[in-house]
Amino acid sequence: MITDVASRSDYRVRLLHETRAITLPDLESSVDGEPIFRAAGPEGLLTLTVRGAQLPAPYLSDVYRFRLAQYLQRGWINEDIAAARGLDAEPYDETALTDQHTLVVEEETGRLRGYGTLAGTRSPAGTRLGDAEHRPFVVERDYALRLADHLGAATPSAHVWEGKRLVRDYAMDRSQAGVSVPWWVYRGWAEGCVRALADEGAAIVGDGKPGVAIHQLGLLGFSARMLDVPAKPPAPTDLFAPMWGQEQRSYPFVLTDGDALRPTLAHLDAVLASGEPGSVGGRLTAFQEARS
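Undergrad: Hey, could you run me through the overall build of the protein in this one?
TA: Scanning the protein from terminus to terminus reveals ten helices and eight strands. Here the C-alpha radius of gyration of the protein, 19 Å, is about what a compact globule of 292 residues would show, namely 19 Å. Its C-alpha atoms give the protein principal-axis dimensions of about 55 × 50 × 40 Å. Per-residue burial over the protein gives 49% buried out of 292 residues. In the protein, the proportion of contacts linking residues at least 24 apart, taken out of those at least 6 apart, comes to 74%. When the accessible surface of the protein is totalled, it reaches about 13600 Å², and 50% of it is carbon and sulfur. Across the protein, the 30 positively charged side chains and the 39 negatively charged ones have centroids separated by 2 Å.

Undergrad: Where do I start with the packing of helix α7 (residues 176-196) against helix α9 (residues 261-274) in this structure?
TA: Packed helix pairs are specified by the crossing angle of their axes together with the interaxial distance, meaning the distance between the axes. Closest axis-to-axis distance for the α7/α9 pair is 11 Å, and the angle between their directions is 145°. Between α7 and α9 lies a crossing whose hand is left-handed. Contacts between α7 and α9 involve Ser 180, Trp 183, Trp 184, Arg 187, Ala 190, Glu 191 and Val 194 from the first element and Leu 261, Arg 262, Leu 265, Leu 268, Asp 269 and Leu 272 from the second. Tallied by class, residues from the contact of α7 with α9 come to eight nonpolar, one polar and four charged.

Undergrad: Mind showing me how you'd approach the pattern of salt bridges here?
TA: Where charged atoms of side chains with opposite charge meet at close range, the side chains can pair. Within this structure, the stated rule accounts for 18 salt bridges. Between Arg 128 and Asp 131 there is a salt bridge, and its shortest N-O distance comes to 3.3 Å. Here the salt bridges do not stand alone but share partners, grouping Glu 106, Arg 111, Arg 113 and Asp 169 into one network.

Undergrad: Any chance you could explain helix α3 (residues 57-73) here in plain terms?
TA: Every α-helix winds through 3.6 residues per turn, so residues three or four apart in the chain are directed the same way. Between the first and last C-alpha of α3 there are 25 Å, a value that for 17 residues agrees with the 24 Å anticipated at 1.5 Å per step. Burial analysis of α3 places 13 of its 17 residues in the buried class, the great majority of the element. Note on α3: the residue one or two positions beyond its end, Gly 75, has a positive phi of about 75°.

Undergrad: What should I look at first to understand the environment of Arg 195 in this one?
TA: Its location among the elements puts Arg 195 in helix α7. When the C-alpha atoms of Arg 195 and Ile 36 are compared, they prove to be 9.1 Å apart, with 159 residues separating the residues in sequence.

Undergrad: What should I look at first to understand the sheet that holds strand β6 (residues 203-208) in this one?
TA: Each strand in a sheet pairs with its neighbour through backbone hydrogen bonds, running either in the same direction (parallel) or in the opposite one (antiparallel). Strands sit in the order β1-β2-β3-β4-β5-β6-β8-β7 across an open sheet of eight strands; the sheet is mixed. This sheet does not close on itself; its edge strands, each paired only once, are β1 (37-40) and β7 (222-226). Put simply, the sheet's adjacent strands are angled 20° from each other on average, direction ignored. Of the pairings in the sheet, the one linking β6 to strand β8 (residues 251-257) comprises five bridges and is antiparallel in character. Across the sheet, the residue bridging to Val 205 is Val 254, located in β8.

Undergrad: Looking at this structure, how should I read the packing of aromatic side chains?
TA: Aromatic ring pairs are reported here in terms of the distance separating the ring centres and the angle at which the planes meet. Following the criterion strictly, the structure yields six aromatic pairs and no others. Arranged with centres 4.2 Å apart and planes meeting at 15°, the rings of Tyr 64 and Tyr 92 form a pair that is stacked. In this pair, Tyr 64 is assigned in helix α3 and Tyr 92 in the loop between α4 (79-84) and β3 (100-106), connecting sequence segments 28 residues apart. Look at Tyr 64 and you get buried, because its relative accessible area is 3%. Plain terms: the ring middles of Trp 183 and Tyr 186 are 5.5 Å apart, the flat faces sit at 50° to each other, and that makes the pair tilted. Residue Trp 183 and its partner Tyr 186 are located together in helix α7, separated by three residues, close to a single helical turn. Here the aromatic cluster, defined as three or more aromatic residues joined through ring pairs, consists of Tyr 71, Trp 76 and Phe 240. Residue placement shows Arg 74 over the ring face of Trp 76; its charged tip is 6.0 Å from the ring centre.

Undergrad: Explain the side chain of Glu 140 here, please?
TA: Of note, Glu 140 is situated in helix α5 (residues 138-143). Of the buried charged residues, Glu 140 lacks a salt bridge, with Arg 146 as the closest side chain of opposite charge at 6.6 Å. Within the structure, the side chain of Glu 140 is placed 2.8 Å from the backbone nitrogen of Phe 137, a separation counted as a polar contact. Among residues more than four places away in sequence, those in contact with Glu 140 are His 134, Leu 145, Arg 146 and Leu 147.

Cut-offs and rules
- Residues numbered from 1 in each chain as written.
- Predicted model: local features only at pLDDT ≥ 70, side-chain atom pairs only at ≥ 80, totals over all residues.
- Heavy atoms only, no water.
- Helix = DSSP H or I, 4+ residues; strand = E, 2+ residues; numbered from the N terminus.
- Rg over C-alpha atoms; globule rule 2.2 N^0.38 Å.
- Buried < 20%, exposed > 50% of the residue type's maximum accessible area, 1.4 Å probe, protein only.
- Contact = heavy atoms within 4.5 Å.
- Areas by Shrake-Rupley, 256 points an atom, 1.4 Å probe, with all protein chains shown as cover.
- Lys, Arg positive; Asp, Glu negative; His and termini not counted.
- Charge placed at Lys NZ, Arg CZ, Asp CG, Glu CD.
- Axes fitted to C-alpha atoms, helices over the stretch in contact; angles between N-to-C directions.
- Left-handed = near helix turned anticlockwise from the far one by under 90°.
- Nonpolar A, V, L, I, M, F, W, Y, C, P; charged D, E, K, R; others polar.
- Salt bridge = Lys/Arg side-chain N within 4 Å of Asp/Glu carboxyl O.
- Expected span 1.5 Å × (residues − 1).
- Pairing = 2+ DSSP bridges.
- Phe/Tyr/Trp six-rings, centres within 6.5 Å; stacked < 30°, edge-to-face > 60°.
- Lys NZ or Arg CZ within 6 Å of the ring centre and 35° of its normal.
- Polar contact = N/O pair within 3.5 Å; in protein donor to acceptor, adjacent residues only side chain to side chain.

All we've got here are geometric facts, nothing functional implied.
As C-alpha cells, then:
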C-alpha cells in the first residue's frame, strides 16, 4: 500500500493526463459486423452498442482506461491500491469480449464521452442459478445475495445480465450534449437489455441509488424491483471500496420487460432525435403519465 502522498499524487496526475481525452477514431468503420444499436444524434454524437469482440483490441483497452479514469475522478477507487498496482486501466479479461459495451463518441473528434456495459454470466454453459457451478454476479458478491432466491433456482445463468459502469465523461462542459449523453448511453444499453429479456425468465440485475439510477430505469419503461439488502463491508484490498462510502445508499435491483419498455424507448428516440433543450427525464415522466 502506498502511503507517500506525493507518490499517490504523481500517479493521479499521470493517469488523468494520459486519459484526459480518450478518442476512438473512425469507430463506426472499425467495428467488426453490425452493432447491436447505432444512432447519430443532433449534437454530433454517435452511439454504438457492440460486443467487446467487435472492437479492435486497442479500442477495448481504451474503454477500460476510460472506466478507470472516470471512477478515479469521482473518488470511487482506492488510489493507493491503484497506484501500488500501477494500473493504467481497469483490470479485465477475455469475458470483456462477450460483454456488451455502449459507447457515445463525438462524431467529429472520436472522443469518448459516455459509456455503459451489460455483462453476461461467467458461469459454465448450461449452468442454472441454483447450481453449485454458478459463478456469482458482482451484485451477488457485493450484497451476499443469491439470485436463485429471487429469480428461481432453475433460471439459466445465461438468461441473466448485469448492468454496470454507466457514466458520462467527467470533463464534459454544461451543454445540450452533456445533458443528452447519459440518455444516449441508456438508449444503447437498453437495446441490449431488450434483446436479452426476450429469453424466458430473463432479467437484468445491478445496483444503484433509488432516486437516481433506479428511478431513471423506471422512466425508461423497465419493470424495476428493488431489493432491500445491505451491501457487505468492502475488503481493505477492494479497489472500489470508496464507492461504498457514499452518503446515499445503493440497493440491488432486478429489471424485467413490462408493456412500457418498447413504447417508452420509441418515445426516447424521438426526444433525443429532436435535439430540443430541456429535461429528458421530465419528458419521459410526462409520457408515462399520459399512458397511465
